[in-house]
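# Summary of structural features
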Amino acid sequence: MFERYLSSKLAVSFSCGILFCGALMSTGASAQQLEDLRWHGFLSQGVIHTDENNFFGDSTDTSFDFRDVGLGLSWKPQSDLLFSAQLIYRDAGLTSPNGVNLDFAMVNYSFINRLDFGMGVRAGRVKNPYAFYNETRDIAATRPSVLLPQSIYPEASREFFHSSDSVVLYGYKSIGDWVVNVDVLAGKAKIDNRSERLLIPSKQDASLKDDNLFGVRSIFEFDGGRLRIGFTYIEFDAQIDTVPVLAPPAGILPGGLDLNSRILSFEYNWERLQLTSEYLRLKVTYDGVFGPGVRITREREGYYFQLGYRLNEQWRIFGRYDVSYPDRKDKSGDSQLLIGAPRSDGFSKDITVGTQYNFSDNWLLAAEVHHIKGTANVAVIENPNRNNLKEDWNLYTFQLSYKF
């Protein structure tokens, strides 16, 4: 599995290099064109403390394992063609793989680029068009908070949802005071060992193969972004490849996995006030995995309401209520007891207050406090002994970030 994942990364990196070099050769790039290469980057360092349960490392003892460093390059040899790539180093305890990774590397070609209508295509390793914040979640300055709402953007499955090796067809159209944006994606998801362990319902040796990813997102903007309404649909299907050593239910059989996610997004901006809400239904179906002809489906539900207020050009405050249910038919968590997990794994209700301070164009300091009831969004890899988890807990985080 590791070899397949590494080969995929190297293939994308090599393809991106070929694209850049090919573009340089085919366009006969001049010295002036080479000077048009644009660099950007960012870095952030955070601190996490929890009174119970670990989140990003040993947070009950205060964790500094919360940092991002990114460096990107873009080149536009002509008005309708853009090449871009970004490397990222991310440390988020055991939840995220350490080391330098290829965040994205793609070519973007615009077929039509008018004020009222446009179409184009992106190909390579792309950021998935997923809800409001997925494509900008790397950079602290473009997030509404230090930690995004876990009901929609769970850190435990970040690598799986964030980017993919895909082709995206996109377009926009102005209709009166409205602008309609549409993205259609088809390709392969980024699957690492962590993603497999989240999706395969057993600890026995198994892997995913023949995986396919498809997605559609549409965002309707009114009056220059005063009102934004979005809908996202993501579907992922794969085969679970395993040779069971035990009969079900102790072991699992080779079978199918189907995952589809639907998200409704809403945002309203009025002077200094911003109201944002998103709602998710994530359905996971296992076909033949727990026995011949056995089909099991579980549906996750999540939503949040967030109210932000900009005090002035430098200060912003916000409050949020964020709710997750791994099984929307069992909001009390009783079914968790059947698999040896605590009842609190069946829900998470997070009340958050926070602030952001932009003390220059490049620097941002942010802090927030979470009071959480439930452990549905607490990563298993950070807390392998689920019976030691506490249902009521608090999380405190600070983050300093810089962008250029």
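Read on for an overview of the structure. Residues take numbers from 1 onward in each chain, read along the sequence in its written order. Where local features are concerned, this predicted model is filtered to residues with pLDDT of at least 70; where side-chain atom pairs are given and counted, the filter is 80 or more; whole-chain, interface and lining totals use all residues. Each side-chain value is derived from all of the structure's non-hydrogen atoms; neither hydrogens nor water enter the calculation.

### A look at the overall build of the protein
Basically, it comes down to this: Numbering of helices and strands runs from the N terminus; a helix is a DSSP stretch of H or I covering at least four residues, while a strand is a stretch of E covering at least two. Exposed residues in this analysis have more than 50% of their type's maximum accessible area, buried residues have under 20%, and partly exposed residues fall in between, with area computed by a 1.4 Å probe over protein chains only. Per-residue and other accessible areas follow the Shrake-Rupley method at a 1.4 Å probe size, with only the shown protein chains counted as cover for residues.
On a plain count of helices and strands, the protein comes out with four helices and 16 strands. Counting across all 404 residues of the protein, residues that qualify as buried make up 49%. About 19000 Å² of surface is accessible on the protein, with carbon and sulfur atoms providing 61% of the total.

### Some thoughts on the pattern of salt bridges
Heads up, the condition is: Basic side-chain nitrogens of Lys or Arg form a salt bridge, by our definition, when they fall within 4 Å of a carboxyl oxygen of Asp or Glu.
One pass over the structure, following the stated rule, counts 28 salt bridges. With a closest N to O distance of 3.7 Å, Arg 228 and Glu 221 form a salt bridge. Among the salt bridges present, the one from Arg 386 reaches Asp 345, with a minimum N-O distance of 3.0 Å. With Arg 386 in the loop between β15 (363-374) and β16 (392-403) and Asp 345 in the loop between β13 (315-325) and β14 (348-357), this pair connects stretches of sequence that are 41 residues apart. Exposure class is identical for Arg 386 and Asp 345. Each is buried. Among the charged side chains, a salt-bridge network with shared partners connects Asp 68, Arg 90, Asp 103, Lys 127, Arg 137, Asp 138, Glu 155 and Arg 158.

### Concerning the nonpolar core
Note the threshold: Only buried residues count toward a nonpolar core. Its members are Ala, Val, Leu, Ile, Met, Phe, Trp, Tyr and Cys residues joined through side-chain atoms within 4.5 Å. Throughout, a contact is declared for two residues whenever any of their heavy atoms are within 4.5 Å.
Counting residues in hydrophobic clusters, the biggest one holds 36 residues, and the most contacted among them are Tyr 130, Ile 152, Tyr 153, Leu 208, Phe 236, Ile 240 and Leu 257. Elements with a minimum of two residues in this core: β4 (100-113), α3 (158-162), β7 (178-189), β8 (207-222), β9 (227-241), β10 (255-270) and β11 (273-287). Setting aside its immediate chain neighbours within four residues, Phe 236 contacts Phe 160, Ala 189, Ile 191, Leu 199, Leu 208, Asp 211, Asn 212, Leu 213, Leu 257, Asp 258 and Leu 259. Membership of the second largest hydrophobic core comes to 13 residues, among which are Phe 56, Leu 147, Ile 372 and Trp 393.

### Looking at the environment of Asp 350
Quick reminder of the rule: Side-chain atoms alone can form a polar contact between residues adjacent in sequence; in general such a contact is a pair of N or O atoms within 3.5 Å, and within protein one must be able to donate a hydrogen while the other accepts it.
Assignment of secondary structure puts Asp 350 in strand β14. For the pair formed by Asp 350 and Trp 393, sequence separation is 43 residues and the distance between their alpha carbons is 9.7 Å. Sequence-distant contacts of Asp 350, defined by excluding residues within four places in its chain, comprise Arg 320, Tyr 321, Asp 322, His 370, His 371 and Ile 372. Only 2.9 Å separates the side chain of Asp 350 from the side chain of His 370, close enough to count as a polar contact.

### With respect to the packing of aromatic side chains
Where we set the bar: Each Phe, Tyr or Trp ring (for Trp, its six-membered ring) is paired with any other whose centre lies within 6.5 Å, and the angle between the two planes then decides the class: stacked below 30 degrees, edge-to-face above 60, tilted in between. A positively charged side chain is recorded as over a ring if its NZ (Lys) or CZ (Arg) lies within 6 Å of the ring centre. The angle to the ring normal must also be within 35 degrees.
Under the counting rule described, the total for this entry stands at 19 aromatic pairs. Centre to centre, the rings of Trp 75 and Phe 83 are 5.9 Å apart; their planes meet at 20 degrees, and the pair counts as stacked. Neither residue differs from the other here; Trp 75 and Phe 83 are each classed as buried. Every member of this aromatic cluster is reached through a ring pair, and the members are Tyr 130, Phe 132, Tyr 133, Tyr 153, Phe 160, Phe 161 and Phe 236. The ring of Phe 132 carries Arg 228 above its face, with NZ or CZ at 4.3 Å from the centroid.

### What about the environment of Ile 48?
Looking at the secondary structure, you find Ile 48 in strand β1 (residues 38-50). A sequence separation of 351 residues divides Ile 48 from Gln 399, and the C-alpha atoms of the two residues are 8.9 Å apart. The residues contacting Ile 48, other than those within four sequence positions of it, are Phe 55, Phe 56, Ser 59, Thr 62, Ser 63, Phe 66, Leu 395, Tyr 396 and Thr 397.

### Brief notes about the pairing of strand β3 (residues 81-92)
The cut-off we apply is this: Following DSSP output, two strands are said to pair if at least two bridges run between them.
Burial analysis of β3 places nine of its 12 residues in the buried class, the great majority of the element. The pairing of strand β2 (residues 66-78) with β3 spans 11 bridges and is antiparallel. Counterpart to Val 69 in the pairing with β3 is Tyr 89. Counted between consecutive antiparallel strands, the loop separating β2 from β3 contains two residues.

### What to know about the layout of surface pockets
Let me state the cut-off plainly: Only protein atoms enter the 1 Å grid used here. Points where a 1.4 Å probe fits but cannot escape make up a cavity, open sets with protein on both sides within 12 Å along at least five of seven lines make up a pocket, and a residue lines them when an atom lies within 4 Å of a point. Grid points are joined across faces, edges and corners, and a volume is the space filled by probe spheres set on the points.
What the largest pocket holds in volume is close to 2000 Å³. Elements with a minimum of two residues in the lining of the largest pocket: α3, α4 (193-199), β11 and β12 (295-310). Top contributing element to the lining of the largest pocket by residue count: α4, with five residues. The volume enclosed by the second largest pocket comes to roughly 420 Å³.

### What to know about unusual backbone geometry
Peptide bonds are, in most cases, trans, and in most cases residues other than glycine have a negative phi. The residue Ala 131 is not glycine, and still its phi comes out positive at about 55 degrees. Locating Ala 131 in the fold gives a position in the loop between β5 (117-127) and α3. Of note, Asp 223 is a non-glycine position whose phi angle comes to about 55 degrees, a positive value. Position of Asp 223 among the secondary structure elements: in the loop between β8 and β9.

### A short note on the side chain of Asp 330
To keep it simple, the criterion reads: Note on charges: Lys and Arg go in the positive column, Asp and Glu in the negative column, and His and the chain ends are not counted at all.
Of note, Asp 330 is situated in the loop between β13 and β14. No salt bridge is formed by the buried Asp 330, whose closest oppositely charged neighbour, Arg 298, lies at an N-O distance of 7.1 Å. For Asp 330, the side chain forms a polar contact with the side chain of Ser 332, separated by 3.2 Å. A polar contact is formed between the side chain of Asp 330 and the backbone nitrogen of Gly 333, at a distance of 3.3 Å. Apart from the residues lying within four places of it in its own chain, the contact partners of Asp 330 are Ser 335, Gln 336 and Gly 346.

Note that every value here comes from positions in space, so none of it alone points to a role or purpose.
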